[in-house]
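Remarks on the overall topology
Listed here are the chains, written in short residue letters.
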Amino acid sequence: MNATLTTVPATTTPAGPAHAARQTRWLLRLHRPALLAGAALVLLTGAGLLWLGGPLADASAAAWKQYNACAFDERCSYDQDAVILFKDVYNYTTYAVLAVPFLVAAWAGGSLTGRETESGTARLAWTQGVSPTRWLASRLAFPAVLVLAATGLLTLLHRLAWTGTGDRIDTALVWDHYPTFYANGTVPVALALAGLAVGVLAGLVLRRAVAALAVATAALGALWAAVHSALPHLWPAVTRVTGLREGPRGEGIWVGQGVLTTDGDRLDAPCLTGMLPGCETSLSDLGAVSFYRDIHPAAHYWPLQLVASGIILAVAALLVLAAFRLLRHRTP
């Protein structure tokens, strides 16, 4: 339905500070269960990350030291449980951090605006001296502060836990492992704010809590997938050139690889080492003189994070603008 929502003019309009305080208290009462659940999630995940970067990392590092000292002696023992527990807790906390933006999107769509427009709570507020614009602003401003603080804290704790392992743990994941890459930086914070924006817009458009929850979550997933696909191309890559017998080399986020010909052309590599007779013949037929690999080294971590975050925040800003324009159109 696209019927225009109407408001009944109020006799008085609250002053700015009084209105903000009133709306904040109303939001806290109305969404207290979600606030408590979110606080519990942040506290539990934060505690897990502190445990991960402290006692668990020390225990796992000691176990790996024992294992390396064994020199493959089957009679030698080491604390295998400490190694496994560290890996499990790392995976659980990493995916908990990455799940926060989706939880924000689901809540914003299903409860923050979807349920209020479906039940008529929003229209009731508009008859009590709260304009639709102020109502929407309060649904964005205060939750955005909470989302920014929560996701910022979790990503900081995750990065501290990851950097605290150093070279002490042999199975510690490298920086370009994608879940680690995202959880250590600013992208989850930007995604959480985008989740808030897309959820609010979905609730206003659909005016059905369950539908808005599903659409907001799916839309945020699509946005992240698009950014992930574009990520290798958001910053100029570094090219590593190696000989035909070596094969392509270079660690980091791959952009592409192949062979260079005598004319300087880039071609797909039919094989990855000239040491094999069949491969040597194929490379010769192409006129290949070397392998190349385009990569993003560790020095590109923050440029990639910040550019990706900037794109996500720009999308979030457009979603917020669309929400205000939609509400203005529906409530003349």
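Residues numbered from 1 in each chain as written. Predicted model: local features only at pLDDT ≥ 70, side-chain atom pairs only at ≥ 80, totals over all residues. Heavy atoms only, no water.

All right, on to the overall build of the protein then. Helix and strand counts for the protein come out as 10 helices and four strands. When the helices and strands of the protein are placed in sequence order, the string is α-α-α-α-α-α-α-α-β-β-β-α-β-α. Its C-alpha radius of gyration of 26 Å places the protein more than 25% over the 20 Å reference for a compact globule of 332 residues. Residues classed as buried in the protein amount to 43% of the 332 residues present. Pairs at least 24 apart in sequence give 81% of the contacts found in the protein among residues at least 6 apart. Accessible surface, the protein as shown: approximately 16,900 Å² in total, 65% of it carbon and sulfur. Positive and negative side-chain charges in the protein, numbering 23 and 19 respectively, have mean positions lying 25 Å apart. (Helix = DSSP H or I, 4+ residues; strand = E, 2+ residues; numbered from the N terminus. Rg over C-alpha atoms; globule rule 2.2 N^0.38 Å. Buried < 20%, exposed > 50% of the residue type's maximum accessible area, 1.4 Å probe, protein only. Contact = heavy atoms within 4.5 Å. Areas by Shrake-Rupley, 256 points an atom, 1.4 Å probe, with all protein chains shown as cover. Lys, Arg positive; Asp, Glu negative; His and termini not counted. Charge placed at Lys NZ, Arg CZ, Asp CG, Glu CD.)

For the rest of this paragraph, the subject is the packing of helix H3 (residues 80-119) against helix H8 (residues 209-230). The axes of two packed helices give the description: the angle between them and the distance between them. Contact geometry of H3 with H8 gives a least axis separation of 8 Å together with a crossing angle of 145°. Crossing of H3 over H8 shows right-handed handedness. Residues Leu98, Pro101, Phe102, Ala105, Ala106, Gly109, Gly110, Gly114, Arg115 and Glu118 of H3 form the contact with H8, whose participating residues are Ala209, Ala212, Leu213, Ala216, Thr217, Leu220, Gly221 and Trp224. In the contact of H3 with H8, the residues fall into 11 nonpolar, five polar and two charged. (Axes fitted to C-alpha atoms, helices over the stretch in contact; angles between N-to-C directions. Left-handed = near helix turned anticlockwise from the far one by under 90°. Nonpolar A, V, L, I, M, F, W, Y, C, P; charged D, E, K, R; others polar.)

Given 3.6 residues per turn, any residue in an α-helix points the same way as the ones three and four places further on. Compared with an ideal rise of 1.5 Å per residue, which puts 40 residues at 58 Å, H3 spans 54 Å between its outermost C-alpha atoms and is within 8% of the ideal. Along H3, the helix axis deviates most sharply at Ala108, where the bend reaches about 40°. (Expected span 1.5 Å × (residues − 1). Bend = angle between axes of the 7 residues up to and from the residue.)

Before going further, it helps to examine the side chain of Gln305. Within the secondary structure layout, Gln305 lies in helix H10 (residues 301-330). Among the residues examined, Gln305 registers a relative accessible area of 0% and is labelled buried. At 2.8 Å, the side chain of Gln305 and the backbone nitrogen of Thr186 are in polar contact. (Polar contact = N/O pair within 3.5 Å; in protein donor to acceptor, adjacent residues only side chain to side chain.)

Note on terminology: disulfide describes a covalent bond linking the sulfur atoms of two cysteines. Considering all chains together, one arrives at one disulfide under this definition. Note that Cys271 is cross-linked by a disulfide to Cys279, the S-S spacing being 1.8 Å. Taking the sign of the torsion about the S-S bond as the criterion, the disulfide between Cys271 and Cys279, at about 90°, is right-handed. (Disulfide = S-S within 2.5 Å.)

Quick look at a nonpolar patch on the surface now. The grouping of Leu28, Leu35 and Leu146 at the surface amounts to a nonpolar patch, some 210 Å² of accessible area in total. Mapped onto the secondary structure, Leu35 falls in helix H2 (residues 32-70). Here Leu35 falls in the partly exposed class, since its relative accessible area comes to 37%. (Patch = residues over 30% accessible without salt bridge, like charges linked within 9 Å, V, L, I, M, F, W, Y side chains within 5 Å. Salt bridge = Lys/Arg side-chain N within 4 Å of Asp/Glu carboxyl O.)

Further remarks concern the sheet that holds strand S2 (residues 253-261). One open sheet accounts for four strands, arranged S1-S4-S2-S3; its pairing is antiparallel. In this open sheet, the two strands that pair with only one neighbour each are strand S1 (238-242) and strand S3 (266-267). Taken together, the two bridges between S2 and S3 define a ladder with antiparallel strand orientation. Bridging from a neighbouring strand, Leu260 pairs with Arg266 of S3. (Pairing = 2+ DSSP bridges.)

It is worth spelling out the pairing of strand S4 (residues 288-296) at this point. For S4, a buried count of eight out of nine residues is recorded, marking the element as mostly surrounded by other parts of the structure. Where S2 lies against S4, eight bridges are found, and the strand directions are antiparallel. Considered in S4, the bridge of Gly258 is made with Tyr292.

Within the secondary structure, Ser290 is located in strand S4. For Ser290, a relative accessible area of 9% gives the class buried.

On to the packing of H2 against H3. For the pair H2 and H3, interaxial distance at closest approach is 8 Å and the crossing angle is 155°. For the element pair H2 / H3, the angle class is roughly antiparallel. The two elements H2 and H3 meet at a crossing, and its hand is left-handed. For the contact of H2 with H3, a count of residues per class yields 21 nonpolar, four polar and no charged. (Parallel < 35°, antiparallel > 145°, perpendicular 65-115°, else oblique.)

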